[in-house]
2 protein chains.
Amino acid sequence: MKREKLRSERSAAPTLEDVAREAGLSPMTVSRALNNPAIVRPATVARVMLAVEKTGYIPNMLAGGLASRRSKLIAVVVPQINNNMFVDTIQAISDTLAQRGYHMLLCVGGYGSDSEAALVATLLSRKPDGIVLTGIHHAPALKKRLINAALPVVEIWDLTPTPIDMLVGFSHEKAGNLSARFLLSKGHRRFGLLWTSDQRALLRKQGVIDILQQHNECRFVEASVGLPATMRLGREGMQALLAGNPELDAIICSSDTLAQGAILEAQSQGIAVPQQLAVMGFGDLDFAACHLPAITTVAIDRWLLGQEAATMLANKIEGITISDPVRDLGFWLCERQSA
Amino acid sequence: MKREKLRSERSAAPTLEDVAREAGLSPMTVSRALNNPAIVRPATVARVMLAVEKTGYIPNMLAGGLASRRSKLIAVVVPQINNNMFVDTIQAISDTLAQRGYHMLLCVGGYGSDSEAALVATLLSRKPDGIVLTGIHHAPALKKRLINAALPVVEIWDLTPTPIDMLVGFSHEKAGNLSARFLLSKGHRRFGLLWTSDQRALLRKQGVIDILQQHNECRFVEASVGLPATMRLGREGMQALLAGNPELDAIICSSDTLAQGAILEAQSQGIAVPQQLAVMGFGDLDFAACHLPAITTVAIDRWLLGQEAATMLANKIEGITISDPVRDLGFWLCERQSA
DNA sequence: TTGTAAGCGTTATCAC
DNA sequence: GTGATAACGCTTACAA
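Residues numbered from 1 in each chain as written. Chains lettered and ligands numbered in written order. Predicted model: local features only at pLDDT ≥ 70, side-chain atom pairs only at ≥ 80, totals over all residues. Heavy atoms only, no water.

Taking an unreviewed UniProt entry as the reference, chain A is identified by name as GntR family transcriptional regulator belonging to Izhakiella australiensis.

## Some words on the environment of B:Gly110
Heads up, the condition is: Strands here are runs of E lasting at least two residues and helices are runs of H or I lasting at least four, both read from the DSSP assignment and numbered beginning at the N terminus. Throughout, exposure labels follow a simple rule: accessible area from a 1.4 Å probe, protein chains only, divided by the maximum for the residue type, with under 20% read as buried, over 50% as exposed, and the rest as partly exposed.
Along the chain, B:Gly110 falls in the loop between β2 (103-108) and α7 (113-124). Here B:Gly110 falls in the partly exposed class, since its relative accessible area comes to 33%.

## What about the pairing of strand β4 (residues 153-156) of chain A?
Residues and elements named next belong to chain A. Put simply, the rule is: For two strands to be treated as a pair, DSSP must find no fewer than two bridges joining them. Convention used here: a crossover is right-handed provided that the path from the first strand, over the helix, to the second strand proceeds clockwise when the strands point away from the viewer.
Because side chains alternate across β4, one face comprises the buried residues Val 153 and Glu 155, and the other comprises Val 154 and Ile 156, equally buried. With 4 bridges joining them, strand β3 (residues 130-134) and β4 adopt parallel strand pairing. Note that in β4 the partner of Val 132 across the bridge is Val 154. In the classification by handedness, the crossover that spans β3, the intervening helix α8 (residues 140-148) and the parallel β4 is right-handed. When β4 meets strand β5 (residues 166-169), the two strands line up parallel, connected through 3 bridges. By the bridge assignment for β5, Ile 156 is matched with Val 168.

## Comments concerning the packing of helix α3 (residues 27-35) of chain A against helix α4 (residues 42-55) of chain A
Residue and element names in this part refer to chain A. Our working rule: To get an axis, a line is fitted to the C-alpha atoms, and for a helix only the part in contact is used. The angle between two axes follows their N-to-C directions and goes from 0 to 180 degrees. The labels follow the angle: roughly parallel below 35 degrees, roughly antiparallel above 145, roughly perpendicular from 65 to 115, and oblique for the rest. Contacts: residue pairs with any heavy atoms within 4.5 Å of one another. Three classes are used: nonpolar for Ala, Val, Leu, Ile, Met, Phe, Trp, Tyr, Cys and Pro, charged for Asp, Glu, Lys and Arg, and polar for all others, with Gly counted as polar.
At a minimum axis separation of 9 Å, α3 and α4 run at an interaxial angle of 95 degrees. As the angle between them shows, α3 and α4 are arranged roughly perpendicular. Every residue of α4 that contacts α3 at Thr 29, Val 30, Ala 33 and Leu 34 is listed here: Thr 44, Val 45, Val 48, Met 49 and Val 52. Here the residues of the contact of α3 with α4 sort into 7 nonpolar, 2 polar and no charged.

## With respect to the interface of chain A and chain B
Stated formally: The term buried area means the drop in 1.4 Å probe accessible area that two parts suffer when joined, counted for both and summed. We define a salt bridge as a side-chain nitrogen of Lys or Arg found within 4 Å of a carboxyl oxygen belonging to Asp or Glu. Pairing of N or O atoms within 3.5 Å defines a polar contact, subject to two protein rules: one partner must be a possible hydrogen donor and the other a possible acceptor, and residues neighboring in sequence count only if both atoms are side-chain atoms.
On the chain B side, the residues contacting the 52 residues of chain A number 52 residues. In this assembly, chain A packs against chain B so that about 4700 Å² is buried in total across both faces, 60% of it on carbon and sulfur atoms. For the pair chain A and chain B, the number of links is 0 salt bridges. Counting across the interface, chain A meets chain B through 20 residue pairs in polar contact (both at pLDDT 80 or more). Secondary-structure elements contributing two or more residues to the side of chain A that touches chain B are α5 (61-68), α6 (84-99), β2 (103-108), α7 (113-124), α11 (231-244) and α12 (256-268) of chain A. Tallied by class, residues from the side of chain A that touches chain B come to 25 nonpolar, 17 polar and 10 charged.

So, in C-alpha cells, the structure goes:
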C-alpha cells in the first residue's frame, strides 16, 4: 500500500515489483526469468517478457550490482585517447566487452602515476568487476589496493614477468632493438632519434640505443618533443635535428606520426627520403602504408591487444581458466619505402 | 554481532559502518563528513578522515547511487572512436566531466540508429545522471524513452532547432556551403566529391551540392568510400575520380584524412596540388596545417564542443540554469595551400 | 519451478 | 551537529 503510493508519486521508472505485479508473479521469479531464463518454465518467461514490454521496465544495475556484487562494469585507464596508438585498442576493448555484456568506464589519466592512483581510487568506488591499466608502472599504494581488492587486472601495452595480475603487451626494448638492427643492416651509421617522452617510448629508445652503442663507428643525436606526439612536433623536431647535424643518414622516430612529420620536413628542405635520409616510425598507423614514401615501421596488433585484454578479463571474472596470464603479442617489421 | 561476523568472513572491503565504528560515530555522520563536510563540526570531520585513512575505506557508489538516485555517471554514445574527428571531443568530455566529479561510460555504437536504441537501453540500466548522444537522428522509441526518463540529454555534432533536450554542434549543410562557395570564388568549376557515407558527412555534401547546382557552368562527379575514412580510402577514391575525369580542377573531401590521401594520390600521379588540382578537406585535424601542401579545410572547435556538452550536462544535473540549450559553435575556413 | 525473507551499503528524513 | 530508522531495487539463500 505504502509502496504503491510512492510509485505513483514519482515519475515512475517501473521496478521489478511492478513487472511482477503485472505478470502475477513474484519479483524473484521475474528476476530469474530475466537473468537466467533456463531455470524458469518457458511459459512463465513469456509472461514475464510480456509484462516487461508492457511496463517498459529497465533493470537498475546499481541495485543489481549492489545485491549481487557483480557490476558488469570494467574500468579502463589510458594516458590519452587523442593518440592514434591507443584508440584502436580502446575500441577493441569496448567492442569485446560489449559482446560479453560489460560496460566500459573509460578514464583518461595522463602520464603521471600519482594522478593515476587517485583516479583509480575513484574508479574503484564504482565496484568494477575488472580493470585495464596502461603500462606496468603504477604507484605502490595503487598496486596494493588492487591486490587487496582481489580485482582482476590486465595491464596492457607493456611487458613484465611480474604483472599485478594479467598482462597483454610486447617488449618495447626489443622493438627498439629491431629498429636499430634493421637500419644498421641497411648501412646507416649516423642516427637522429626523434622521440616523445612517455615511458613506453623511452623504453623503445633505450632499446635502440643499446644496439647502436654496440657499434663503434655509430653515432647518434637526439631530439625530444612533447606529448601528445603530433605531425607538427615531428616537423619541428626534425628541423632541430637537421639544423645542427647535416651528417645524419637515418632518423628513428618514436611513432609514425612523428615520422610523417619528419619526412615532410625533410621533403620541404629538399632532402630526398629515403635516398639521402632514411626515416623510420613505430606503430604502423593506418596512414603509414600509403604515405609517400610509404613509412617503414614496426607494427603491433593494437586491435588484438584490446581484444585479448577484454577477453582475459571477462574470462577471469566468469571463472573461465586463463591459459597464460602474460601474453606477449610481439611486433614485426614493416619494411616499406622510407627506410 | 552478526554483521561483524560477516565482515570478517569476507575479504573485507570496509564499509561506512566500519569507518563509523573506528571513529566512534554513526554511519550517517561519516557519510555527511564525506559528502558535505560543511555541515559537520570540523573536529568530527578530522576524526572521520583519520578513520577513513586507517580503514582504507572506498565508498561504494552503487549503494550511494541507489540510495541517492544520483549516480554521478554520464553515458556517452559515439559512432566511432578510431576516428580523429570524435576523439578530441570525447577527451574533452572526459576531462570536463572528471573535473566535475563524474565518470564517463563510453559506448561505441556504430552508425545504425537501431543498434543505438538497444545500446542506450542497456546504458540506462546504469542510471546515468545524463547522456551524450552523437547526432540528431535517433529511433523514435529511444527519444520517447529518454524524455520519459526525464534524463538530461545533450546531442552533439549536429544542429537542429528541436533537440531532445540540449544540443551543441554546428550546421553541416552550411559548412558544405562554405567549402563550395570558397572553391567557386577561386574559379573552380569541375568538381570531384570524395565522400564517406555517414549521416553528418552527407549533410555537408548536400550543402556543397546545393551551391554547386546554382552555377550553370559548374559540373561535379562523386566517389564514395566506406567507413571509417582512412588515408588509404582517400587514395583509392581519388584514383577512381581521376581515372574517369581528367577535367577535374577541384576535389572536396568529407574529411582531412581523405584529403590527405587524395593529395598523396595526386602527387603520386604527378598532378601538382594546388596548381593543377585544388583539394579541400574538412575538420582541420592536427596534420592539416603542417601537411605539404598544407591542407585547406573547414575547422570546428572539437574540444570546445566536448567541453560545452559536458558543462551543459553537469549544470543541468546540478540545477544550474542553462542560458541557451542549443549552442551553435559554427566553423571557419582555413585557407592554406592545397586549395 | 516458484516464493519468502534478509540483506547489499548507502542516503533521506526526521528526531534529538 | 549528530543519530536512528527506513528506504533505494535488486539478488542470495533457503523454504515450499
